Amino acid sequence: MAAVRLQALTKRFGEDVAAVHDLTIDIRHGELLSLLGPSGCGKTTTLRLIAGFLAPDAGEIWLGDRRLSAPHETVPPERRGMSMLFQSYAVWPHKTVAENVTYGLKFRSVPRVDWPRRLRDALALVRLEGFADRYPGELSGGQQQRVALARALIVEPAILLLDEPLSNLDAHLREEMRFEIRRVHEASQITTVYVTHDQAEAMVTSDRIAVMNAGGVEQVGTPAEVYERPATAFVAGFIGRTNLFKGRIVADGRVACEGGLVLLTATAGEHTPGDAVAVSVRPHMVTVSSGAATGAPGEPADGAALNVFAGTVTRASYFGDAMDYLVAITGTQSTLRATGVPEPRLAVGQSVGVRIAARHCILVR
Amino acid sequence: MAAVRLQALTKRFGEDVAAVHDLTIDIRHGELLSLLGPSGCGKTTTLRLIAGFLAPDAGEIWLGDRRLSAPHETVPPERRGMSMLFQSYAVWPHKTVAENVTYGLKFRSVPRVDWPRRLRDALALVRLEGFADRYPGELSGGQQQRVALARALIVEPAILLLDEPLSNLDAHLREEMRFEIRRVHEASQITTVYVTHDQAEAMVTSDRIAVMNAGGVEQVGTPAEVYERPATAFVAGFIGRTNLFKGRIVADGRVACEGGLVLLTATAGEHTPGDAVAVSVRPHMVTVSSGAATGAPGEPADGAALNVFAGTVTRASYFGDAMDYLVAITGTQSTLRATGVPEPRLAVGQSVGVRIAARHCILVR
Amino acid sequence: DPAVMEAAKKEGKVIWYSSLGLSLAQKVCDAFNKKALGVTCELARDGSQRIFQKVMQEAGAGLAIADVVHTSDISHFLDFQQKNMLMRYLPAGADKFRSDFRDRDGLYTVLRGTPYVIAYNTQKVSKADAPKRWKDLTDPRWKGKLVHAHPGYSGVVMTGMTGLLPVLGGWDYYAALTKNDPLVVQSAEDPPMKVAGGEAWLGVAGEYNFYRVAKKGDPIAIVFPEEGVPFVSSANAILAKAPHPNAAKVFTDFLFDKDGQQILADDGLYVPNEAVTYPKDKRPLKELKLIKVEPEEMQKRDDEIKKKFRELFGV
Amino acid sequence: MSSAATGTASRGGTARERLDAAPAVWLLSAAILAVLVVAPLAILLVTAVRAPEGPGFTVANFLEAFGQAIYRGPVGNSLVYAISVGVLSVVLGAPMAWLVTRTDMPGKAVVRTFTTAAFVTPSFLGATAYVILAGPNAGLINVLYRAVTGAEGALFNIFSMAGLIYVTSLYTFPVVFILTSAALSATPADLEEAARIAGAGRLAVMRTITLPLALPAIFGGFILAFLEALVLFGAPAMLAIPARFHVMTTQVWAFFQYPPQVEVAAAYAMPLLLIAVGLLWAQRRLMGRRGYTTVGGRASAAPPVRLGPWRWAGLAACVGVLLLSIGLPYFALLRAALAKAWGLGWSWQNLTLRNFHYVLFEFDPTRSAIVNTLELATVTATLAVFLMGAIAYVAQRRLLRGARVLAFLATAPLAIPGIVLSIGLFKAYSRPPLLLYGTIWIIFVAYLTKYLPIAYTACHAALQTVHVDLEDAARVLGANRLVAFKDVTVPLFGAGLISAWLLVFLPSLRELSSSILLFTTRSRVVSVVIYTLYEEGLWEAVSALGILLLGLTLLLVAVAQRFLGRRFLQI
Ligand SMILES: Nc1ncnc2c1ncn2[C@@H]1O[C@H](COP(=O)(O)OP(=O)(O)OP(=O)(O)O)[C@@H](O)[C@H]1O
Ligand SMILES: Nc1ncnc2c1ncn2[C@@H]1O[C@H](COP(=O)(O)OP(=O)(O)OP(=O)(O)O)[C@@H](O)[C@H]1O
Ligand SMILES: [Mg+2]
Ligand SMILES: [Mg+2]
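Within any chain, residue numbers begin from 1 and follow the written order of that chain's sequence. As a convention, the first chain written is A and the first ligand written is 1, with the rest following in written order. Residue-level local features of this predicted model are given only where pLDDT is at least 70; pairs of side-chain atoms are given and counted only at 80 or more, and the full residue set underlies all totals for whole chains, interfaces and linings. Hydrogens are left out, water is left out, and the side-chain values use all remaining heavy atoms of the structure.

This part covers the coordination of the magnesium ion (ligand 4). Residue and element names in this part refer to chain B. Each metal's donors comprise the N, O and S atoms found within 2.8 Å of it (within 3.2 Å for Na, K or Ca). Water is not part of the atom list, so some coordination spheres may appear incomplete. Within the protein, Thr-44 (OG1) and Gln-87 (OE1) serve as the donor atoms for the magnesium ion (ligand 4), at 1.9 to 2.2 Å. Residue Thr-44 is located in helix 1 (residues 43-51), and its partner Gln-87 is located in the loop between strand 7 (82-85) and helix 2 (97-102); the two are separated by 43 residues in the primary sequence. What makes Gln-87 buried here is its relative accessible area of 14%. Under the DSSP-based scheme used, a helix requires at least four consecutive residues in state H or I and a strand at least two consecutive residues in state E, with every element numbered from the N terminus. Relative accessibility decides the category of a residue: with a 1.4 Å probe and only protein chains considered, values under 20% of the type maximum give buried, values over 50% give exposed, and everything between is partly exposed.

Here it is as structure tokens:
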């Protein structure tokens, strides 16, 4: 059952800016859905439409069988039973942390005796014990963001809207918060819409991910779906790093790519030769090893079709837990990005062998 | 040569909050130094001290042999030739994007004929071509942040201070921006202080990283240094994920950890038996394979000392390009975190073999 | 008239719209109230123009509030008369008044009057140098030293000019006067202040305006020019729709009887009732060469005077 | 079946939800505004197109009013006058506001107090005092000038356009000062810091960031000062007429003189309304799509700018302005107030306290007038701020369709000269259902109507500083608009609200042009009493009362400062 249905929503600012265009998403009851997309693609606008701060120019929003928004009729935000964390935090500078966080409680008829306990719990959740009496002006950026998070979580809303809730936190705290949000979500089954620009965050936290681009939705699916079976080249490129090659089907399973590379794929057989397609290859599915590669492309290894190329390392970056290589494929104009283990480390200029299993070459629109 | 020397800086807010305490860092000429640390550790405060918005309560700041700040005498910000990106962006709501970005040029006596070109370049750099005439109120959060970035970069300052410049950008844009900042830095050799909460960002971008905690510096070093030879348990834990075990040296190279695990390390020989130490093991240096491990701990494999344990998978999370496992080590109270390739995937409850090379077990304070 | 008296008692009060100076008007009311006739006087003191405006406004709105009306500008009463707003009533003893204090139809009676005169600052101008005639004001030695109020704002000045124009032979006099660059002020109350402060050495306004200021000790002396002085008369009447008509009659009788009139005379005003005695420093009315100004004449020339004044003086 | 059941349930849910009073409040405020403004304006409009006698409509009034060059001239004079006053008020008021709110200049409290005092000085009192000070013949300044230099002429002739502009500005600049102070103290510090690190010095920061961010307030102040000058009667009557030129108000007054041409006067006032519309339009153009707020940031006030030795220069400049607007004029007033006859000048024989005794104890109306005035000003200010706070909010957040019309309505009354407005008010409230004439309430309604624009402008400028996200954050948690307004908006623009209140309260203490046509024996106010005394030539008593009024104001300001502390006239 869809808890919230966004139906062909369009929102324009002025004449020429369509921040959201013909956007349709069914948000399921109790799920945590991430909105993921590049900066300026309309994530915040979508959230503000859901919250009711904006009225759509076209389309409707339904909560179960109650219509929340239509172009000329919107239920005001305060009657939607939602809560929202703003990208700008919007913590109130004239209220203390405690006052900020507990503000929503009075509208949810939470008895006042419960407030101290709820406040304590909420502050503990965001690791801000002992900050209750500070004013926001006396907090660091990340601390303010956590106040905003506590304020949104404490009311246990029917629908929780989070706009980049963790963007100003360090990796550790972010991970903790991420798990906490997930835990709260699981404990109370709050339908949650989670805007993030961090793909890893979306992967771990969400039940499903809606990948947005230029005001529309590219794909909605589970993290594994959008990662492993991206519907479009945009999704493939946006979710995680990828090597993307444009090309045409030449024969069963084979794609001739721009630049001269010919890739053997597992699913190209569903297309007819001549079709324009794109192929996505994840860098960490590319194996790079020192010494020239043996064997010709398409030759089976451990039972699967395998692409084998020779190449030269043109860039090597150290990432701590991994190495990032750029490899120029010998005899083509193409370069491939590959992620490798930190050791043994390959040097720039070194000749290498490159292997990619055919089933890791994904055809996308 | 130290371009900027922060010398025993202390800054208090009120009586009880010492946001920065006895902090000393030498920032080298032309280097890109990252300040990395948990939320609220004093990064922004440090930056504001360098910029001259705050006067230190103790300590001094020197630029070459010019004293910039001392408790009662500070050179005003506008005479420091620096430029800064604020965590809150601080873009001027009453100026267009173009006006915001070019604002600093008139104070650096850049001839007006050059402005359009510089503006174009700066906007191209942050991918905001075509937004020149918008007002900040008409931009998304990430777009505003990029305006702030362009504004800081366009003036080519002597010293560039960036406070979480990319926190609101998606992974791709962030990566692009990261490379651009690095490129600008390399082209012009601007001494840069870069505050970030993102360890990966710090790793790729910086020449050196200063890891901060609770108002002080824990370690300053190159990315590889802080990652591979963390000086303290805090650094080990903060930079990248790690398994941290407290214990005591029992014999040459051997550490008996709490929980019953005994680890063979490469450098423990420098300590005397009985010393209290901690051992850091990076998850991706832990190899987990199905089937029980063969061989006893400490047995040499491919020439290096190797720890080998048997264990059971207790949690498995999918990260797209990697799997994250929690493994309970048989016969101990300890669990280990390990990062593995996505395939073949191990299931929760499966018995596995665990291998860690001794030289990846790092002793820290 | 006992019947009127009886009815007046029932009405209980009379509302007097008066442009008489506040303290003086209050004195009149208090004296009336002290007589304890069973009618109290309620005073609404205001400037002449505003009283006129209020009365017109109230009449337009169908509100009957005022009983008795007194303004300084006699032409107001022509308007009231033309709009049939006045009650025909002559105060007791009116037959013994000087004839020029009464109108022909017995609708209103002049309550007080003052001549239109010249005054000078005694610290700046000696008695010998002081002008004796209106025409002396055009002497170049007074250039920049004169103050003149505006006929568009001040009924006193309008009356004075209406009276003087024929006597002095038309507008040439005023044209000559402009050569002396007089300071033009708004109301007839302004020239005394300008003269007292020395900003102007000579001023033109009502005698009463100057007299009041001089009485405080300010260095002002008054000249009654030889050509004669226009007499500025201020009338009083009962409104036709007066809510307390009988009380109004009783009050009007008091205003014009000896006690009432003496209060005004004591303050330096000239009154119709000849039974009063004037302060010693006042010249008796009979000695003055008065120029009578007919309200009809004022109404007729009003537009011309304003236009011509504006032409000559710029405002 | 099941869907029908849930449908009912969800409707039931809606019904159970908290009743939202917000729309009712907006509508009520809008309705009150409409009645307050539309009624008198409509009457004026009808008057302007009606034939003086008999039925039917005509354009004759407009032809009469604008057909002749002598009547068109004052329009130009008025524009020059009002624009100059607006500009001069900004030139004086905005830098003073900056000095007082954002620098370490000493003596801030004194400057603030006396600026407030300047605001309650009726312009005719200031003008009269300046006649004594700078009249070409006997003005003290000119006498001194001649004595010192031996020159013939006058240093400064107050009877001139320049003199008029000068005197008026001395008493209108506090509007700009008060509005700008409130805005400046709300500027987020990080926006200024960003400019400084970009290389801008303090002055450049002020010029490019601080002042532009306060622009809505400054422009609001300009509009108020401009319109105030446009409809001012007292000072022009005393300074323009002797200088031999008319402005629109003195011309309107002339139309009112015998025989009154009310219809022509109404027609003549109509362009003033157009000017008000034009200003609103200009304001919107000027603000454009720009924003004036940021969320978050460092809301806490920036540390004061250190001026070094310049802070004494700043203080000297402020004190200089206040000497001109308070010091010298009240010195002249004091001289008269202590004199038996002021024309005699200083001397022991001429010295007396009688005038104070007279106005306080002998002259009956004074005391009741003081009480009336305070009551009226308090009630008017409170209600005006309440109403206009709501309307400004509606207009800014576009809550009702036609919010722009509301903005116009709220600003229109200021473009109507008091005397003309009073006609409309009189006609509107002298008959059922609102028979207020004859009571103090009509004065109250007049003040309310007249000062709606000030309250509106001040509230509007203050609201600019509260970012909508902050309110939205409250609403999504369940606060309806009213509650969010109360919990978030009001505390955040509190300083602006207090300013708005003062901006209505203070001029209410000195209002003359409407009161004088609407007062009755029982509803005298201080300004009317002063004017009455003036009309009787009791200049000494006028001065004494003027000084008492000043003393009363200073007392009120002291009390306010005591209770509001730093929040008085700033954050
Ligand atoms: N004005 C202030 N008054 C009191 N405490 C303050 C003030 N400003 C900062 N602090 C405190 O000082 C500490 C350091 O703040 P700072 O802003 O430097 O942190 P940060 O490292 O930038 O954190 P973040 O990553 O969350 O932005 C925090 O604990 C904060 O609460
Ligand atoms: N008030 C406005 N006027 C004009 N354009 C606007 C306005 N608000 C947003 N936009 C534009 O609409 C688009 C979508 O904005 P939105 O804030 O939804 O982006 P977003 O996906 O949240 O981006 P980010 O990750 O950078 O916050 C952007 O291109 C933005 O410039
Ligand atoms: Mg956004
Ligand atoms: Mg920070």
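With that settled, consider the state of the cysteines. Cysteine sulfur atoms that come within 2.5 Å of each other are treated as a disulfide pair. Following the criterion strictly, the structure yields 1 disulfide over all chains and no others. Sulfur-sulfur distance for the disulfide between Cys-29 of chain C and Cys-41 of chain C comes to 1.7 Å. Of this pair, Cys-29 of chain C sits in helix 2 (residues 22-34) while Cys-41 of chain C sits in strand 2 (residues 40-45); the two residues are 12 residues apart in sequence, bridging distant segments of the chain. Under the relative-accessibility criterion, Cys-29 of chain C is labelled buried at 0%. There is no disulfide at Cys-257 of chain B, and the cysteine sulfur nearest it, in Cys-361 of chain B, is 8.4 Å away.

As a further point, take the pattern of salt bridges. We count a salt bridge whenever a side-chain nitrogen from Lys or Arg sits within 4 Å of a carboxyl oxygen from Asp or Glu. Using the criterion set out here, one finds 56 salt bridges over all chains in the structure. Where Arg-67 of chain B meets Glu-73 of chain B, a salt bridge forms, and the shortest distance between an N and an O atom there is 3.2 Å. Given a relative accessible area of 32%, Arg-67 of chain B falls into the partly exposed group. Residue Glu-73 of chain B is classed as exposed on the basis of its relative accessible area, which comes to 53%. Arg-102 of chain D is the salt-bridge partner of Glu-192 of chain D, the closest N and O atoms lying 2.8 Å from each other. Taken together, the residues Glu-192 of chain D in helix 9 (residues 189-197) and Arg-102 of chain D in helix 4 (residues 69-102) connect sequence positions 90 residues apart. Both residues of the pair, Glu-192 of chain D and Arg-102 of chain D, belong to the buried class.

Moving on, we get to the sheet that holds strand 21 (residues 361-364) of chain A. Residue and element names in this part refer to chain A. Strand pairing is defined by DSSP finding a minimum of two bridges between the two strands. Pairing within the open sheet is antiparallel, and its 5 strands lie in the order 14-13-12-15-21. Lying at the two open borders of the sheet, with one neighbouring strand each, are strand 14 (262-264) and strand 21. Going from strand to strand, the sheet's axes swing by 40 degrees on average, the running direction of each strand aside. Both strand 12 (residues 243-251) and strand 15 (residues 276-281) contribute to a ladder of 6 bridges, which runs antiparallel. Paired with Phe-245 across the two strands is Val-279, which belongs to strand 15. Lines fitted to the C-alpha atoms define the axes, with helices restricted to the stretch that makes contact. Angles between their N-to-C directions range from 0 to 180 degrees.

All names here are of chain A. Here 5 strands make up an open sheet; going across it, the order is 16-20-17-18-19 and the pairing antiparallel. A strand with exactly one partner marks an edge of an open sheet, and here the two such strands are strand 16 (286-290) and strand 19 (335-340). For this sheet the average axis-to-axis angle between neighbouring strands, irrespective of direction, equals 40 degrees.

So, about the packing of helix 8 (residues 161-184) of chain D against helix 15 (residues 310-337) of chain D. Residue and element names in this part refer to chain D. Two elements in contact, helix 8 and helix 15, have axes whose closest approach is 10 Å; the angle formed by their N-to-C orientations is 105 degrees. Regarding the angle of helix 8 to helix 15, the classification is roughly perpendicular. Between helix 8 and helix 15, the contacting residues are Tyr-166, Leu-170, Tyr-171 and Phe-173 on the first element and Val-321, Leu-322, Leu-324, Ser-325 and Pro-329 on the second. Residues belonging to the contact of helix 8 with helix 15 are distributed by class as follows: 8 nonpolar, 1 polar and no charged. Throughout this description, any angle smaller than 35 degrees is read as roughly parallel, any larger than 145 degrees as roughly antiparallel, any in the 65 to 115 degree range as roughly perpendicular, and the remainder as oblique. Residue contacts are defined here by distance: any two heavy atoms, one from each residue, within 4.5 Å place the two residues in contact. For this classification, the nonpolar set comprises Ala, Val, Leu, Ile, Met, Phe, Trp, Tyr, Cys and Pro, the charged set comprises Asp, Glu, Lys and Arg, and every other residue, Gly included, is treated as polar.

That's the geometry; what it means functionally is another story.
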